Amino acid sequence: MKKATLLAIASLLTSTGLGLANPAIESVMKEAFKGDTSLYKKVATGKGTEADAKRLAGYVKTLTTNEPPKGEKASWDKKTGELLAAVEMLAKGNKQGMMAAQKAGNCRSCHTAHKPD
Ligand code: HEC
C-alpha cells in the first residue's frame, strides 16, 4: 500500500514535468540500448535475427507507452513511433528498416530532448 502510494506520487510528479526518472524507460535503456553489444546495436546494424528485432520491438513499445521524464510528449511520440516502425520493419525481415532504426535510435538526439540532466 505504501509502495503503491509512492509510485502514484512518482508518476504524478513525472507527468507534471519535474524531470523525475521514469523507471520503465530506464530499464529499457539498460536492457536493450546500453553498450556496444546491446540488442539495439545488434538489430540496427543488421546483425540481429528477426527474433531479435521482435524482442527489441517489445522494448520500444514500452517506450511508446511511457511518458518522457523531460521534453514535449509530441516529440517523444514522434521519436519512439519512428523507432518502433523501423524495428517492426526489421522484425518482418525488411532490411530497409536498418537505416531508419539507426536514425530514429540516435542516442544523443533523444537524450538531449528527453533525458533529464
Ligand atoms: C527515443 C528516445 C531514446 C533513444 C533513441 C535512446 N534513449 Fe537512452 N534514454 C532515454 C531517456 C528518456 C532516458 C532517461 C530515463 C529516465 O531517467 O527516466 C534514457 C536513459 C538512458 C540511460 C541511463 C539509464 C539509467 O540507468 O538511468 C542509458 C545508459 C541510455 N539511455 C543509453 C542509450 C543508448 C546507448 C542509446 C542509443 C543506442 C539510447 N539510450 C537511445 C531515451 C532514449
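Above this text is the structure in question.
Described in the following lines is the structure provided in the data block. (Residues numbered from 1 in each chain as written. Predicted model: local features only at pLDDT ≥ 70, side-chain atom pairs only at ≥ 80, totals over all residues.)

Looking only at helices and strands, one finds seven helices and zero strands in the protein. Going from N to C terminus, the protein has its helices and strands arranged as α-α-α-α-α-α-α. (Helix = DSSP H or I, 4+ residues; strand = E, 2+ residues; numbered from the N terminus.)

Here we come to the site of the ligand. Taken together, 22 residues form the shell around the ligand, and within it A21, N22, M29, C107 and C110 come nearest. Among the elements of the structure, helix 2 (23-33), helix 5 (73-91) and helix 7 (107-114) are those that each provide at least two residues to the shell around the ligand. The element contributing the most residues to the shell around the ligand is helix 2, with five residues. (Near = placed C-beta within 6 Å.)

Now for the packing of helix 2 against helix 4 (residues 50-64). With their axes 9 Å apart at the nearest point, helix 2 and helix 4 run at an angle of 155 degrees to one another. As the angle between them shows, helix 2 and helix 4 are arranged roughly antiparallel. By crossing handedness, the relation of helix 2 to helix 4 is classed as left-handed. Residues A24, I25, V28, E31 and A32 of helix 2 lie in contact with helix 4, whose contacting residues are L56, Y59, T62 and L63. Grouping the constituent residues of the contact of helix 2 with helix 4 by class yields seven nonpolar, one polar and one charged. (Axes fitted to C-alpha atoms, helices over the stretch in contact; angles between N-to-C directions. Parallel < 35°, antiparallel > 145°, perpendicular 65-115°, else oblique. Left-handed = near helix turned anticlockwise from the far one by under 90°. Contact = placed C-beta atoms within 7 Å. Nonpolar A, V, L, I, M, F, W, Y, C, P; charged D, E, K, R; others polar.)

By size, the foremost hydrophobic cluster in this structure holds 18 residues, and its most contacted members are V43, L56, V87, L90 and A101. In terms of residues, this core owes the most to one element, helix 5, which gives five residues. (Core = buried A, V, L, I, M, F, W, Y, C linked by C-beta atoms within 7 Å. Buried ≥ 20, exposed ≤ 12 C-beta atoms within 10 Å, placed from the backbone.)

Here we take up helix 6 (residues 97-104). When we look at burial in helix 6, the residues that qualify are G97, A101 and A104. Angularly, the buried residues of helix 6 cover 75 degrees about the axis, an arc narrow enough to put them on a single face. Packed against the buried residues of helix 6 are helix 3 (39-44) and helix 5. (Arc of directions from axis to C-beta.)

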